[in-house]
Amino acid sequence: MKRELLMVGPMYPKTLDVLDATYTTHKLWLAPDRDAFLASLADRIDAAATSGTKGMDDATMAKLPKLKMISHFGVGVDSIDVDAAKRRGIMVSNTPDVLTDDVADIAIGLMIAAARRLVAGDRYVREGRWLKGPMPLAESVQGKTLGIVGMGRIGRAIARRGEAFNLEIAYQGPNRKTDVSWRYFADPVALAKESDFLVAACPGGESTRGLVSRAVLEALGPKWIVVNISRGTVIDEPAMVELLKAGKLGGAGLDVFVDEPRVPEALFAMDNVVLQPHVGSATHPTREAMGQLQIDNLAAYFAGKPLVTRYC
Ligand code: DGY
């Protein structure tokens, strides 16, 4: 007999097909009455699949007293109340490693696109403005300092790429890493003062909310560029918009925002800002690999084996 699985939100189609074929799936996001739907499953759901912003809060966990495992599609688990899961004895798995390189690529892409005005240049050609004269010069990334907030897997992958672009690497995080030789700063403002490009690559959630603060952005200054591939909450977004408007921050390359998919409209007219719709891991091979990990973690749970990539 098929085991039952609660699915909280929509997911990558190939993953969905496998989960639909393997389990009796219950799709919460399609339920007209969410509370009634959860109540109808409360006595038998022990595993759930979550994805992206459709994680799981404490109130939802409370409605599923038999829940023992959440298999999340994504490395960032900020949409899941992890403390509540721990308290309730619910295991959580995520999908690390398989997306590291794609996310790091997007970080470097955004940095170069913002510095070299690639999107503005594209518009310049399409709108026939080149016919009237050359585009103004841009900033070089060569020989500059790349500050990375968060030296985890993705931060390291960005640092390695940065070195290939002749950038000097520095980083900030809660702890100095003993296995890397890059310059460490405990204080993000001190890091920003030394940086020409500052990339937020730390986890989201309450512990990093506003870590890239107004003071950090002011320290980066009117010439230089902030990049965010982490979570919108990591940057003080209103301060960033205000500083960009006032010419007190040089530019931004942003893949993530506080209230996705809503993006502050003030950014739309800025040629020194490059925007992406949260696509760090959005390639077919990576999404397929993330889905496979989600599937494998569920299979391990139902087989009574250790989870493949247990977060907590
Ligand atoms: C992640 O895995 O956390 C990415 O942001 C995709 O949601």
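Because the structure is a prediction, the values reported are computed rather than measured.

## Observations regarding the sheet that holds strand β2 (residues 24–27)
Inference 1: Read across the sheet, five strands follow the order β2-β1-β3-β4-β5 without closing on themselves; strand pairing throughout is parallel. On the outer flanks of this sheet lie β2 and β5 (91–93), each paired with one strand and no other. Taking each pair of neighbouring strands and ignoring which way they run, the sheet shows an average axis angle of 25°.
Inference 2: Across the face of the sheet, helix α11 (residues 284–302) comes into contact with β1 (4–7), β3 (47–51), β4 (69–73) and β5 while running at roughly 170° to β4.

## Observations concerning the site of the ligand
Inference 1: Residues in close proximity to the ligand include G74, V75, G76, L99, R231, H278, S281 and M290, which together make up its full environment.
Inference 2: Contact distances for the ligand include 2.7 Å between an oxygen atom and a backbone N or O atom of V75.
Inference 3: Between an oxygen atom of the ligand and a side-chain N or O atom of R231, the distance comes to 2.7 Å.
Inference 4: With the chains in place, 86% of the 230 Å² that the ligand exposes on its own is no longer accessible.
Inference 5: Here the residues of the shell around the ligand sort into three nonpolar, four polar and one charged.

## Side note on the sheet that holds strand β8 (residues 183–185)
Hydrogen bonds between backbone groups are what pair the strands of a sheet, and the pairing can be parallel or antiparallel.
Inference 1: The seven strands lie next to each other as β8-β7-β6-β9-β10-β11-β12, forming an open sheet whose pairing is parallel. Strands at the two margins of the open sheet, each flanked by one partner only, are β8 and β12 (273–275). In this sheet, neighbouring strand axes are inclined to one another by 20° on average, regardless of whether the strands run parallel or antiparallel.
Inference 2: The sheet contact formed by strand β6 (residues 145–149) and strand β7 (residues 168–172) spans five bridges and is parallel. Along β7, the bridge assignment pairs G147 with A170.
Inference 3: Sheet contacts for helix α7 (residues 153–164): β6, β7 and β9 (197–200); angle to β6, the most-contacted strand, approximately 175°.
Inference 4: Packing against the sheet, helix α10 (residues 237–245) makes contact with β10 (225–228), β11 (251–254) and β12, and its axis sits at approximately 140° to β11.

## Regarding the nonpolar core
Inference 1: With 62 residues, the main nonpolar core has I158, V212 and V226 as its most contacted residues.
Inference 2: If you tally residues by element for this core, the top one is helix α5 (residues 100–115), at 10 residues.
Inference 3: Those residues in contact with V212 that lie beyond four places of it in its chain are V149, L198, A200, L217, V226, V234, I235 and D236.
Inference 4: In terms of nonpolar packing, the next biggest core, distinct from the first, is built from 20 residues, I45, M56, V82 and A85 among them.

Rules and cut-offs
- Residues numbered from 1 in each chain as written.
- Predicted model: local features only at pLDDT ≥ 70, side-chain atom pairs only at ≥ 80, totals over all residues.
- Heavy atoms only, no water.
- Pairing = 2+ DSSP bridges.
- Helix = DSSP H or I, 4+ residues; strand = E, 2+ residues; numbered from the N terminus.
- Axes fitted to C-alpha atoms, helices over the stretch in contact; angles between N-to-C directions.
- Contact = heavy atoms within 4.5 Å.
- Near = heavy atom within 4 Å.
- Polar contact = N/O pair within 3.5 Å; in protein donor to acceptor, adjacent residues only side chain to side chain.
- Areas by Shrake-Rupley, 256 points an atom, 1.4 Å probe, with all protein chains shown as cover.
- Nonpolar A, V, L, I, M, F, W, Y, C, P; charged D, E, K, R; others polar.
- Core = buried A, V, L, I, M, F, W, Y, C linked by side-chain atoms within 4.5 Å.
- Buried < 20%, exposed > 50% of the residue type's maximum accessible area, 1.4 Å probe, protein only.

Nothing here speaks to function; it is all geometry.
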